There are 4 protein chains.
Amino acid sequence: MSSMIGEKLRVSIFGQSHGEAIGVVIDGLPAGEEIDAQELQAFLDRRAPGKNKFSTARKEGDVPQFLSGVLDGKTCGAPLCAVIHNTDTRSGDYKPLSQLMRPSHADYPAHVRYGGHQDVRGGGHFSGRLTAPVCIAGGIAKQILARRGIFVGAHAEAVGRTKDRRFGTVELLKEELFLPLSRAIPVLDEGAAEAMQNEIEAARMQGDSVGGIIECAAIGVPAGLGDPMFGGVENRLSSALFGIPAIRGVEFGTGFAAAAMRGSVHNDPYRLRDGKVVTETNHHGGILGGITSGMPVIFRVAVKPTPSIALEQRTVDIEKMEETTLRVTGRHDPCITLRAVPCVEAVAAIVLLDLML
Amino acid sequence: MSSMIGEKLRVSIFGQSHGEAIGVVIDGLPAGEEIDAQELQAFLDRRAPGKNKFSTARKEGDVPQFLSGVLDGKTCGAPLCAVIHNTDTRSGDYKPLSQLMRPSHADYPAHVRYGGHQDVRGGGHFSGRLTAPVCIAGGIAKQILARRGIFVGAHAEAVGRTKDRRFGTVELLKEELFLPLSRAIPVLDEGAAEAMQNEIEAARMQGDSVGGIIECAAIGVPAGLGDPMFGGVENRLSSALFGIPAIRGVEFGTGFAAAAMRGSVHNDPYRLRDGKVVTETNHHGGILGGITSGMPVIFRVAVKPTPSIALEQRTVDIEKMEETTLRVTGRHDPCITLRAVPCVEAVAAIVLLDLML
Amino acid sequence: MSSMIGEKLRVSIFGQSHGEAIGVVIDGLPAGEEIDAQELQAFLDRRAPGKNKFSTARKEGDVPQFLSGVLDGKTCGAPLCAVIHNTDTRSGDYKPLSQLMRPSHADYPAHVRYGGHQDVRGGGHFSGRLTAPVCIAGGIAKQILARRGIFVGAHAEAVGRTKDRRFGTVELLKEELFLPLSRAIPVLDEGAAEAMQNEIEAARMQGDSVGGIIECAAIGVPAGLGDPMFGGVENRLSSALFGIPAIRGVEFGTGFAAAAMRGSVHNDPYRLRDGKVVTETNHHGGILGGITSGMPVIFRVAVKPTPSIALEQRTVDIEKMEETTLRVTGRHDPCITLRAVPCVEAVAAIVLLDLML
Amino acid sequence: MSSMIGEKLRVSIFGQSHGEAIGVVIDGLPAGEEIDAQELQAFLDRRAPGKNKFSTARKEGDVPQFLSGVLDGKTCGAPLCAVIHNTDTRSGDYKPLSQLMRPSHADYPAHVRYGGHQDVRGGGHFSGRLTAPVCIAGGIAKQILARRGIFVGAHAEAVGRTKDRRFGTVELLKEELFLPLSRAIPVLDEGAAEAMQNEIEAARMQGDSVGGIIECAAIGVPAGLGDPMFGGVENRLSSALFGIPAIRGVEFGTGFAAAAMRGSVHNDPYRLRDGKVVTETNHHGGILGGITSGMPVIFRVAVKPTPSIALEQRTVDIEKMEETTLRVTGRHDPCITLRAVPCVEAVAAIVLLDLML
């Protein structure tokens, strides 16, 4: 089950960065669901490259073409296939790299795994470009969830050392959830945006890159979703989230900070509000025993700094089996965290819709 | 797929804390593998309650009985079923809790999920006791992996605010990996043990509890294991690790700390050593693009403070739908991090063996 | 996924014929479902050996013990584990067989598959005895289905050359479905029972065995269950049915006889009856395009003659790699078709309940 | 898992008969395998419509376009996606059918299943046209299997009441396996071809259709493939075969005829030939206990008569909920058995390759 995820909603991703096309097959979508193409495109555009000076200069429309599963703008129950044809590829850039293993890319493990037969152009199937079809699936899932009163949002909580404020954990409203959408850089605190911009620009000027943290939340999720042990919501979300390249950690609710807390502080007391069971605090991030509690689902992911940097790096030539150096040329984001924000939303939406079906 | 995990090696957990028995079915084990019962028991004993004053006073042998899959001490290819009969259960302790939702336990989500039909005694299927059969499967997996030169070890990197030192990331030897086994408290740095002991005792005296962090490593893992995107080693490990109750976060390699790093620092340059491709540093934790690099696999998990505390807590009575308070009586660990150490090893071994098959 | 079946309802079978115990884990049962132990036992008794002179002389109570998943007689949402301890085993009978591959048993393929490590005693995991835990799962599924108005029944349509009449295909009532239950030999036509008895007895007297055909039907199945292509009801049923040892063919509706028919005869015209869409005939066996039509689901399976016969047979000694002969001693049914009838019902019930969830 | 099949080799089918395109994603193909495009096309042409007067008049090239997974004519380890664009569709033909449920088609069950949102044009996702992408996957699988010495072949064993002879079951050579390829109608016995042609033509002249039986065999399959119980080769093959529309039954080896046989006749004695264990007869069809024996794998499937016939049929109008009649116009094969022959080979190859990986 390499490039597939989901139980009732099965999402299968295919394509290589510089191949003919990339795409997705979504099996198990409920029939009769409208797909608002304009809204989907707006969502995809949040991830698309070439939007601003911080992201890669490669410009592509990334307009999905639906090959199946949609009839008169609605899902018809059959597996939905959508593809994006790769048009603006400059494979020449990557040719000399095929023997030189780019540090902290998948090049070397993939070389071993596939015996040298893998597509190395632009990272092949391991490219961040493969998150575009993930976002198609996620964008559709978001529309279906919204009709059921479930909303997913995310923001760049950190870029390098610069931090945004966090989402409210107990009473999180749609307005706050969607606030980052209103900004060029998806943050809650307008002041953070400029500082992040400066940090990214400084890295870029030095031929370097920066990492970041993304916080994601889902509101309106009913209590009782998920299964115990290995079928829990954390299990499913984390399993799917690590499908986004460059993600190195996932934490739910208070996450790693819980390690240093006392139980009396970390425990979330129950209260009644309008006849509904709620918690006073939300250290549990909306999930207990793998099952949703009805509180906002909150998690954070760590994004590593872009491995493609202009600086010279030491590496090995896998054909000659010699140590050497390389400089990664081509077009690269100095900070992929920003473009990963909608990807994280997409993955969360896919998993939540799967749980709802 | 609630209480099952794995693709070629399928591990299925059953049982409730105070039911007749807990157990595991393991399907897909290679035939002809010896199971060293004594070594397995020693591994299970590391997790078992009642070992020292820091863990719950409930004492049980936790000796697994093999119902199938083993013939003359070797696996025979048929699904292996092992059970542990529950003998020392005092359900009376828990009776009044059935209406009072214990904060930060699965009680409330489970109540919604199962319509009140769930077994609430001792947490039922959500109890930490269910990690015993996980450890049976993991202990067997560890023996099989060891025969293939793969070793898994873990230690308590933090208990509350007290920290142990970390594993070496590049040249990690069996001696260091197994060092925590030699101590009453599984740490690398002997000094940390006493400080942790004090921190736990202080919490216990106050009717409170503390969380912690566990670092786990696997050495000898060959390069090229794992699949891209959703079939990556991080995806599989995290999906399985969140099956251990109380785990709230998972990070690989440098993890969340990568967010604040530059690419030039985080990238791991390749070198040749004895004709083998290695990396100079191991920020990637032995996994790139979801596939192993041949370097030590390293990850950390956050463990929340035990939710069962003696202090009074606010909650709701789910039958009367009234706010009230409760005190959790019974026998509880003030810090489950220590007993979770072998559980984390067990899960890692299950996932790695599944990948090897 | 060797000994597991199902998607939402996951049934996992374990045990060997002469091991400690055989059993089943059922994950995904809805919570709060009553399990009528007496009714379940009555169902299991239909499969149990030693009931009459036609079945093996091995007598066992085959009373399942519930280790988990049941609380106060109701499912509690946690995985249900039930075991049957093997008490009346005489492994001595089988010892010399371990080197002699019994014709048309799994001995030789299993020897290759497991490198000689498989449990050969009584057929090990390949024994027909493993259908007992299948019947536990199926018996529980039948009770849950009955509460939803779905009923499953089966009968021996043929034993050797002797035939029973078939179920009505369009208007099949509970009375007819359950008619075979009222007879010592599960047939519709009382006359067939005696002829079958004679045919079996004749085979037995000659140290030989006979095969048979089982027809199974389910009524009350709503229209619209199942998925297209590989997720169809036929796919799921056949995949599960071949899990019963000795089954060699499965056909739905008119099945193989459809090959010689014209479309104008085989097509089932639609009619309205009491405002409901029905078909005039039911050559489609209640399934079209993999999805139920609301008509009775009807299928037949072929059961091969018991491979264990008293007559001398030619075979090879796998250790000496020599041709030789063997006589299968021990206790064997001259016709397993009769005891397979409840097993077929069990499998059908498991699959239908899985589809309903 | 509706339109997906396989464990290590995952085949996911998408598309509707009159949608934009149909296609397949194949995940898990070994890397570095050559795909001979010409050989693949020759295989697809065996299934393609418009080849002779017996098949539908719809003519399409059915040339697959590879979107991913192939690099320089070889598999690269990434999921392979191939599509066939639908060019020659005349949806107008089907419009009035949307309310009239075509007898013995999936129309009515699909209407219930998808709430009327399904694509009814040409049968939508339920169309026999969806076997084209199955054949792409199967054609690729056949090439990879052939390199491992495994060959799959099939023939029309029966068309209506006309029968071909059967494959030899014990010593089946490549020449006999591929003999049907040399004929316009895929049969072993040349004389059968003309009789079948006449039977089909007679049905066509009367606006009617005929069914048939396909026999399929695989040689070179090593002993020891498959898992016990639900993971057996029969389980996997049958589960996949019922994915081909119109298939109503599957039997292995002697199949249903075994029901009337004595064990002494049906049992296959073992012999040694050139130091290899073989059976004298092959009633077991190369599979015992779900595991291959090394003998030819042999099975048969029943194909129902084409449900689309020109004759007037009684049905219901699902919108008006009235009984009415319909005549199915458009282009339809009077016998789909012939075109289903390569589809059966394709499915067998997919399952066998999955087992080999």
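Chains are numbered independently. Their residues run from 1 in the order of the written sequence. Here the convention is simple: chains get letters from A, ligands get numbers from 1, in the order in which they are written. Thresholds applied to this predicted model are a pLDDT of at least 70 for local features of residues and 80 or more for the giving and counting of side-chain atom pairs; totals over whole chains, interfaces and linings are not thresholded and use all residues. To obtain the side-chain values, all non-hydrogen atoms of the structure were included, while hydrogens and water were left out.

### Focus on the overall build of chain A
Helical segments are the DSSP runs of H or I of at least four residues, strand segments are the runs of E of at least two, and each set is numbered from the N terminus. A tally of regular secondary structure across chain A gives 8 helices and 18 strands. Here chain A, with 357 residues, has 66% of them falling under the buried criterion. Residues count as neighbours in contact if any of their non-hydrogen atoms are within 4.5 Å of one another. Counting only contacts in chain A whose residues sit at least 6 apart along the sequence, the fraction spanning at least 24 positions is 71%. Computed with the Shrake-Rupley method and a 1.4 Å probe, the accessible areas treat only the protein chains shown as cover for residues. Accessible surface computed for chain A: about 11300 Å², of which carbon and sulfur atoms make up 50%. If you average the places of the 38 positive and of the 41 negative side-chain charges in chain A, the two averages end up 1 Å apart. Each residue gets one of three labels from its accessible area relative to the maximum for its type: buried under 20%, exposed over 50%, partly exposed in between, using a 1.4 Å probe on protein chains only. Charge convention: Lys and Arg are scored as positive, Asp and Glu as negative, and His as well as the terminal groups of each chain are ignored. Taken as the charge location is NZ of Lys, CZ of Arg, CG of Asp or CD of Glu.

### A look at the interface of chain D and chain C
Contacts between the two partners involve 101 residues from chain D and, on the opposite side, 101 residues from chain C. Regarding the contact of chain D and chain C, the summed buried area is about 8300 Å², with carbon and sulfur atoms giving 60% of it. When the area that chain D buries against chain C is broken down by residue, the three leading residues are D:Phe230, D:Arg248 and D:Tyr270, summing to 11%. In what follows, salt bridge is the name for a side-chain nitrogen of Lys or Arg lying within 4 Å of a carboxyl oxygen of Asp or Glu. Across the chain D-chain C interface, the total number found is 10 salt bridges. Where D:Arg113 meets C:Asp227, a salt bridge forms, and the shortest distance between an N and an O atom there is 2.3 Å. Residues were grouped as follows: Ala, Val, Leu, Ile, Met, Phe, Trp, Tyr, Cys and Pro as nonpolar; Asp, Glu, Lys and Arg as charged; and all remaining residues, including Gly, as polar. Each residue belonging to the side of chain D that touches chain C can be placed in one class, and the counts come to 49 nonpolar, 34 polar and 18 charged. Two parts placed together each lose some accessible area; with a 1.4 Å probe, that loss summed over both constitutes the buried area.

### With respect to the interface of chain A and chain B
Of the residues lining the interface, 101 residues belong to chain A; the matching set on chain B comes to 101 residues. Taking both sides of the interface into account, the surface hidden between chain A and chain B amounts to around 8300 Å²; carbon and sulfur atoms contribute 60%. Of all residues in chain A, A:Phe230, A:Arg248 and A:Tyr270 bury the most surface against chain B, accounting for 11% of the area lost on that side. For A:Arg262, the salt bridge goes to B:Asp208, with nearest N and O atoms at 3.9 Å. N or O atoms closer than or at 3.5 Å make up a polar contact, with two conditions inside protein: a donor-capable atom paired with an acceptor-capable one, and, for residues adjacent in sequence, both atoms drawn from side chains. Connecting chain A to chain B are 42 residue pairs in polar contact (both at pLDDT 80 or more). Strand pairing is defined by DSSP finding a minimum of two bridges between the two strands. Bridge count between strand 11 (residues 247-252) of chain A and strand 11 (residues 247-252) of chain B: 3 bridges; the pairing is antiparallel. Paired with A:Gly249 across the two strands is B:Glu251, which belongs to strand 11 of chain B.

### Quick notes on the relation of the copies chain D and chain C
Copies are brought into register by a least-squares superposition over C-alpha atoms of residues with pLDDT of at least 70 in both. Rotating chain D by 180° and moving it 0.0 Å along the rotation axis overlays it on chain C with an RMSD of 0.0 Å. The transformation relating the two chain copies, once decomposed into turn and shift, fits a two-fold axis. Interface overlap between copies is the fraction of interface residues in one copy that are interface residues in the other; for chain D against chain C it reaches 100%, indicating a shared surface.

### With respect to the packing of helix 6 (residues 233-241) of chain A against helix 6 (residues 233-241) of chain B
Remark: helix 6 of chain A packs on helix 6 of chain B, axes separated minimally by 8 Å, with the N-to-C direction vectors making an angle of 170°. Between helix 6 of chain A and helix 6 of chain B, the angle falls in the class roughly antiparallel. Listed contacts from helix 6 of chain B to A:Asn235, A:Ser238 and A:Ser239 of helix 6 of chain A are B:Asn235, B:Ser238 and B:Ser239. Per-class residue counts for the contact of helix 6 of chain A with helix 6 of chain B are no nonpolar, 6 polar and no charged. Note on geometry: axes are C-alpha line fits, over the in-contact stretch for helices, and angles between N-to-C directions span 0 to 180 degrees. For this classification, under 35 degrees means roughly parallel, over 145 means roughly antiparallel, 65 to 115 means roughly perpendicular, and everything else is oblique.

### Comments concerning the relation of the copies chain A and chain B
Expressed as a screw transformation, the operator carrying chain A onto chain B has a rotation angle of 180° and an axial translation of 0.0 Å, and the superposed copies differ by an RMSD of 0.0 Å. Looking at the interface residues of chain A, 100% of them are also at the interface in chain B, so both copies use one shared face.

### Here we look at the sheet that holds strand 3 (residues 21-27) of chain D
All names here are of chain D. Spatially, 1-2-3-7-4 is the arrangement adopted by the 5 strands of the open sheet, whose pairing is antiparallel. A strand with exactly one partner marks an edge of an open sheet, and here the two such strands are strand 1 (4-5) and strand 4 (65-68). Bridge analysis of strand 3 against strand 7 (residues 80-85) gives 6 bridges, and the strand direction is antiparallel. Directly across from Gly23, in strand 7, lies its bridge partner Val83. Sitting on the sheet, helix 3 (residues 131-147) is in contact with strand 2 (10-15), strand 3, strand 4 and strand 7, with an inclination near 35° to strand 3.

### Looking at the environment of A:His125
With respect to the helices, strands and loops of the structure, A:His125 is situated in the loop between helix 2 (107-113) and helix 3 (131-147). Along the backbone, A:His125 and A:Gln16 are 109 residues apart, and their C-alpha atoms lie at a distance of 4.2 Å. In contact with A:His125, other than residues within four places in its own chain, are A:Ser3, A:Ile13, A:Phe14, A:Gly15, A:Gln16, A:Leu130, B:Pro228, B:Met229, D:Ala78 and D:Pro79. Here A:Gly15 takes part through its backbone oxygen, which lies 2.8 Å from a polar atom of the side chain of A:His125.

### Notes on the confidence of the model for chain A
Considering every residue of chain A, the mean pLDDT works out to 93; 94% of them sit at 70 or more. Taken over the whole predicted complex, pTM reads 0.96, whereas the ipTM for its chain interfaces reads 0.96. You can read pLDDT as the predictor saying how much it trusts each residue, on a scale of 0 to 100.

### Considering the pairing of strand 10 (residues 212-219) of chain C
Residues and elements named next belong to chain C. Of all 8 residues making up strand 10, 8 are buried, and the element is well covered by its neighbours. With 8 bridges joining them, strand 8 (residues 151-159) and strand 10 adopt antiparallel strand pairing. Following the sheet pairing, Ala156 is matched in strand 10 by Ile214. Taken together, the 7 bridges between strand 10 and strand 16 (residues 297-303) define a ladder with antiparallel strand orientation. Bridge pairing in strand 16 links Ile213 to Ala302.

### Describing the sheet that holds strand 7 (residues 80-85) of chain A
All names here are of chain A. Read from one edge to the other, the open sheet built from 5 strands follows the order 1-2-3-7-4, with strand pairing classed as antiparallel. Each of the sheet's edge strands pairs with one partner strand only, and the pair in question is strand 1 (4-5) and strand 4 (65-68). The sheet contact formed by strand 2 (residues 10-15) and strand 3 (residues 21-27) spans 6 bridges and is antiparallel. The partner of Phe14 across the bridge, within strand 3, is Gly23.

### Considerations on the side chain of D:Ser12
Structurally, the position occupied by D:Ser12 is in strand 2. A relative accessible area of 1% means that D:Ser12 is categorised as buried. Ignoring sequence-local partners within four residues, the contact set of D:Ser12 consists of A:Met4, A:Val25, D:Ser3, D:Met4, D:Gly23, D:Val24 and D:Val25.

### A look at helix 1 (residues 37-47) of chain B
Residue and element names in this part refer to chain B. Every buried residue of helix 1 is accounted for by Leu40, Gln41, Phe43, Leu44 and Arg47. For helix 1, the angular spread of the buried residues around the axis is 160°, confining them to a single face. Buried residues belonging to helix 1 abut strand 4 (65-68), helix 3 (131-147) and helix 8 (337-356). If you check the start of helix 1, you find a side-chain oxygen 3.1 Å away from the backbone N of Gln38, and it comes from Asp36. This arc is taken over the directions from the axis of the helix to the C-beta atoms.

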